[in-house]
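# Tertiary structure, described
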Amino acid sequence: MNAPLPKAPINWIAVFALVLLPIIALIAIPLYAYHHDFSAAAWISMFVLLGVSSLGITAGYHRLWAHRAYEATLPLKIILMIMGTFAVQNSILFWASGHRTHHRHVDDVDQDPYSINKGFWYAHIGWMLRDYPAGAPNYKNAPDLLKDKVVMFQDKYYVPLVIAVHAAILLPIGWAVGDVWGVLLLGGLMRLILSH
Ligand SMILES: [Zn+2]
């Protein structure tokens, strides 16, 4: 009667961000660079936007939402949410709740969502590609986040928000500097790969 445990289901958003995007980038960026030159502005956009998305994660996802290290006004929360969405590291709710569990169970292999004891691959990437039980959203450790309107809005509309935020940030910069494709490829794609 004991059927073998089914393999954890694949998380397609993570597979897209962590596996498909790098493959697309590996093909598209050299191909584009061969036919056109990237503008200096496109390179600069990559570094500046890397700073923007990193700040969304460190100041927003990590310090504000996971650890409640400080209080933020509504406009600041919205700005940090947009910057963090631009980093494509899943929703604040999922990330911050998982991070709290990680801090609580760093030595408990089965409950830590990204335990290093399950190996380097699992701790860094593997835990994200399948929906393992330890990583299953259990928001019991995040009642404050469940009441946060900015957090819940982002969680509900995560995928359309990721697309909208990328369009709203990358396209105006691309038009302003006259290199839309360069900014999309370096400020968008290449930046995401460097930040992941
Ligand atoms: Zn932490």
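Parameters and conventions
Residue positions within a chain follow its written sequence, with the count starting from 1. For a predicted model such as this one, the threshold for reporting local features is a pLDDT of at least 70, and the threshold for listing and counting side-chain atom pairs is 80 or more; totals across whole chains, interfaces and linings nevertheless cover every residue. Note that water and hydrogens are dropped before the side-chain values are worked out from all heavy atoms of the structure. Site definitions follow a grid-based scheme: protein atoms alone, a 1 Å grid, a 1.4 Å probe that fits but cannot get out for cavities, and for pockets an open set with protein on both sides within 12 Å along at least five of seven lines, plus lining residues having an atom within 4 Å of a point. Grid points are joined across faces, edges and corners, and a volume is the space filled by probe spheres set on the points. In DSSP terms, a helix is any run of H or I states spanning at least four residues, a strand is any run of E spanning at least two, and both are numbered starting from the N terminus. Residue polarity is assigned by list, with Asp, Glu, Lys and Arg as charged and Ala, Val, Leu, Ile, Met, Phe, Trp, Tyr, Cys and Pro as nonpolar; anything else, Gly included, falls into the polar class. Salt bridge criterion: a side-chain nitrogen from Lys or Arg within 4 Å of a carboxyl oxygen from Asp or Glu. Per-residue accessibility, obtained with a 1.4 Å probe over protein chains only, is compared with the maximum for each type, and a residue is labelled buried under 20%, exposed over 50%, and partly exposed between these values. Pairs of N or O atoms within 3.5 Å make up the polar contacts considered here, provided that, within protein, one atom can donate a hydrogen while the other can accept it, and that residues adjacent in sequence are counted only when both atoms are side-chain atoms. Residue contacts are defined here by distance: any two heavy atoms, one from each residue, within 4.5 Å place the two residues in contact. For this analysis, a nonpolar core means a set of buried residues of the types Ala, Val, Leu, Ile, Met, Phe, Trp, Tyr and Cys, connected via side-chain atoms within 4.5 Å. A residue's pLDDT is the confidence the predictor assigns to it, expressed on a 0 to 100 scale.

### Some details on the layout of surface pockets
Taken as a whole, the second largest pocket holds about 520 Å³ of empty space. Secondary-structure elements contributing two or more residues to the lining of the second largest pocket are helix H1 (12-35), helix H8 (158-177) and helix H9 (180-195). The element that contributes the greatest number of residues to the lining of the second largest pocket is H8, accounting for eight residues. For the lining of the second largest pocket, the class distribution of residues is 19 nonpolar, two polar and no charged.

### Description of the pattern of salt bridges
Counted under the stated rule, the structure contains four salt bridges. In this structure, Arg 68 engages Asp 144 in a salt bridge whose closest nitrogen and oxygen atoms are separated by 2.9 Å. Of this pair, Arg 68 sits in the loop between helix H2 (40-66) and helix H3 (74-85) while Asp 144 sits in helix H6 (residues 143-146), placing them 76 residues apart in sequence. Given a relative accessible area of 30%, Arg 68 falls into the partly exposed group. With a closest N to O distance of 3.1 Å, Asp 148 and Lys 77 form a salt bridge.

### Looking at the side chain of Gln 154
Within the fold, Gln 154 resides in helix H7 (residues 149-156). The class of Gln 154 is buried, set by a relative accessible area of 0%. In this structure the side chain of Gln 154 is engaged in a polar contact, spanning 3.0 Å, whose partner is the side chain of Thr 85. Discounting chain neighbours no more than four positions away, the residues touching Gln 154 are Tyr 61, Met 81, Thr 85, Ser 91, Ile 92 and Leu 161.

### Re the nonpolar core
Within the largest apolar cluster, 40 residues are counted, with the highest numbers of intra-cluster contacts made by Trp 65 and Leu 145. Elements represented by at least two residues in this core include exactly H1, H2, H3, helix H4 (92-104), H7, H8 and H9. Take this core: its biggest share by element is nine residues, from H2. Those residues in contact with Trp 65, other than ones at most four positions away along the chain, are Gly 60, Lys 77, Leu 80, Met 81, Ile 92, Ala 96, Arg 100, Leu 145, Asp 148, Val 150 and Val 151.

### Examining unusual backbone geometry
Even without glycine at this site, Arg 68 takes up a positive phi of about 50 degrees. Even without being a glycine, Val 88 presents a positive backbone phi close to 50 degrees. With respect to the element layout, Val 88 can be found in the loop between H3 and H4.

### Things to note about the confidence of the model for the chain
Counting all residues, the mean pLDDT for the chain is 87, and 84% of those residues have values of 70 or more. For the chain, the element scoring lowest by mean pLDDT is helix H5 (residues 120-129), at 70; H3 scores highest, at 98.

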